[in-house]
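One-letter residues, chain by chain:
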Amino acid sequence: MPPPDNSAPASGLDHLFDPGAFAAEAGTGTVTDPAGARVVYAAHEFTRAIHHVLLREKPGAWRDILSRTGRSCGRELAVSLDRESARLGQPTLGELPLETSMTFLERTFTAHGWGLLKVDLSDAPEHGLVVAHLTHSYFAEILVDAYDFVDAYPAGLLQGFFEHISGEQLGCLEVACVRRGAPRCTFVITATERLDTVAPLLGRETAETIIARLKA
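We now turn to the structure provided with this report.

About the cut-offs
Each residue is numbered by its place in its chain's sequence as written, counting from 1. Where totals are concerned, whole chains, interfaces and linings use all residues; where local detail is concerned, this predicted model gives features only for residues with pLDDT of at least 70, and gives and counts side-chain atom pairs only at 80 or more. Processing note: side-chain calculations cover all non-hydrogen atoms of the structure and skip hydrogens and water entirely. Burial classes follow relative accessibility: with a 1.4 Å probe on protein chains only, a residue under 20% of its type's maximum area counts as buried, one over 50% as exposed, and anything between as partly exposed. Helix numbering and strand numbering both begin at the N terminus, where a helix is a DSSP run of H or I of at least 4 residues and a strand a DSSP run of E of at least 2. Strands are labelled as partners when DSSP assigns at least two bridges between them. Between N-to-C directions, angles span 0 to 180 degrees; the directions come from axes that are lines fitted to C-alpha atoms, helices contributing only their stretch in contact. Only heavy atoms matter for contacts: two residues are in contact if any of them lie within 4.5 Å across the pair. What sets the label is the angle itself: under 35 degrees gives roughly parallel, over 145 gives roughly antiparallel, 65 to 115 gives roughly perpendicular, and the rest give oblique. When residue character is reported, Ala, Val, Leu, Ile, Met, Phe, Trp, Tyr, Cys and Pro are called nonpolar, Asp, Glu, Lys and Arg charged, and the others, Gly included, polar. Just to be clear on terms, a salt bridge is a Lys or Arg side-chain nitrogen sitting within 4 Å of an Asp or Glu carboxyl oxygen.

**Comments concerning the pairing of strand E7 (residues 185-190)**
Within E7, 6 of the 6 residues are buried, which leaves it mostly tucked inside the rest of the structure. Residues Cys185, Phe187 and Ile189 of E7 are buried on one face, and the alternating residues Thr186, Val188 and Thr190, pointing to the opposite face, are buried as well. Looking at chain direction, strand E5 (residues 130-135) and E7 are connected through 5 bridges and run antiparallel. Looking at the pairing, histidine 133 lines up with threonine 186 of E7. Two strands pair when backbone bridges link them, and strand E6 (residues 171-176) and E7 are joined in this way by 5 bridges, in the antiparallel orientation. Across the sheet, glycine 171 pairs through a bridge with threonine 190, a residue of E7.

**A short note on the sheet that holds E7**
Spatial ordering of the open sheet is given by E4-E5-E7-E6, a layout of 4 strands whose pairing is antiparallel. Each edge of the sheet is formed by a strand with only one pairing partner; in this case those strands are strand E4 (116-120) and E6. Across this sheet, the average inter-strand angle for adjacent strands is 25°, counted without regard to direction. Of the pairings in the sheet, the one linking E4 to E5 comprises 5 bridges and is antiparallel in character. Its bridge partner lying in E5, lysine 118 is registered against histidine 133. Its contacts with the sheet place helix H3 (residues 98-111) against E4 and E5, and it is angled at close to 160° to E4. Strand contacts of helix H8 (residues 207-215): E5, E6 and E7, with the helix running at about 10° to E7, the strand carrying the most contacts.

**Considerations on the sheet that holds strand E1 (residues 23-25)**
Within a sheet, neighbouring strands are paired by backbone hydrogen bonds and run either parallel or antiparallel to one another. One open sheet holds the 3 strands; their spatial order is E1-E2-E3, and the pairing between them is antiparallel. Each of the sheet's edge strands pairs with one partner strand only, and the pair in question is E1 and strand E3 (38-39). Looking at chain direction, strand E2 (residues 30-32) and E3 are connected through 2 bridges and run antiparallel. Paired with valine 31 across the strands is valine 39, a residue of E3.

**What about the packing of helix H1 (residues 44-57) against helix H2 (residues 61-87)?**
Viewed as axis vectors pointing N to C, H1 and H2 meet at an angle of 125°, and their least axial separation amounts to 8 Å. Comparing the axis directions of H1 and H2 gives the class oblique. Contacts between H1 and H2 involve Thr47, Ile50, His51, Leu54 and Leu55 on the former and, on the latter, Ala61, Trp62, Ile65 and Leu66. Considered class by class, the residues forming the contact of H1 with H2 number 7 nonpolar, 2 polar and no charged.

**Overview of the pattern of salt bridges**
Overall, the coordinates contain 10 salt bridges when judged by the stated rule. Notably, a salt bridge pairs arginine 68 with aspartate 64, separated by 3.1 Å at the nearest N-O pair. Of the two residues, arginine 68 and aspartate 64 both sit in helix H2, 4 residues apart, roughly one turn of that helix. For aspartate 64, a relative accessible area of 38% puts it in the partly exposed group. A salt bridge links arginine 87 to glutamate 84, with the shortest nitrogen-to-oxygen separation between them at 2.5 Å. Of this pair, arginine 87 and glutamate 84 both sit in helix H2, separated by 3 residues, roughly a single helical turn. Residues joined in a network through salt bridges with shared partners are Arg71, Arg75 and Glu163.

Now the structure itself:
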């Protein structure tokens, strides 16, 4: 992963994070986001129904399908930011300080209503580990009857985004979830083989303990 830097975010991309820039196309019944991609607004019951069906049809399907979907969306998010940066004559995400890319990622989560994301890069230089905290998680607040780690989509999105900007194959694991009593949802991003060593500890050890193991 690129080393952290305290430089300010690049300018010119603010329109991509403006919720007011979602535009309804007159006479078509469609809505597009600031990047021009079509979006739809779905009721909470829609998400609950998908969760319910996937749980009934096959255990583990929710996590697998949502994480793969999120990973694709994370990569596409990064590509779209690179595309817009190129159009404006600005550096790509991989060429920017890591803090700048994280600002774009955090603002995207907010603009799309996934929750308030804060990325902690303090362990990246020494341990190759990034920790992300998500408060007001959409999935954690909507799936009120679940007692599980429900944020597979945000985890996948983080994975895909970090893979794009780092050029490395990475993994992302949710190690704390509001639906399991944590005050906020917490994710760790690092090499997949490192995450495999702590995955069996999910639900048995706290996020702090798992993070400490990854840093050992």
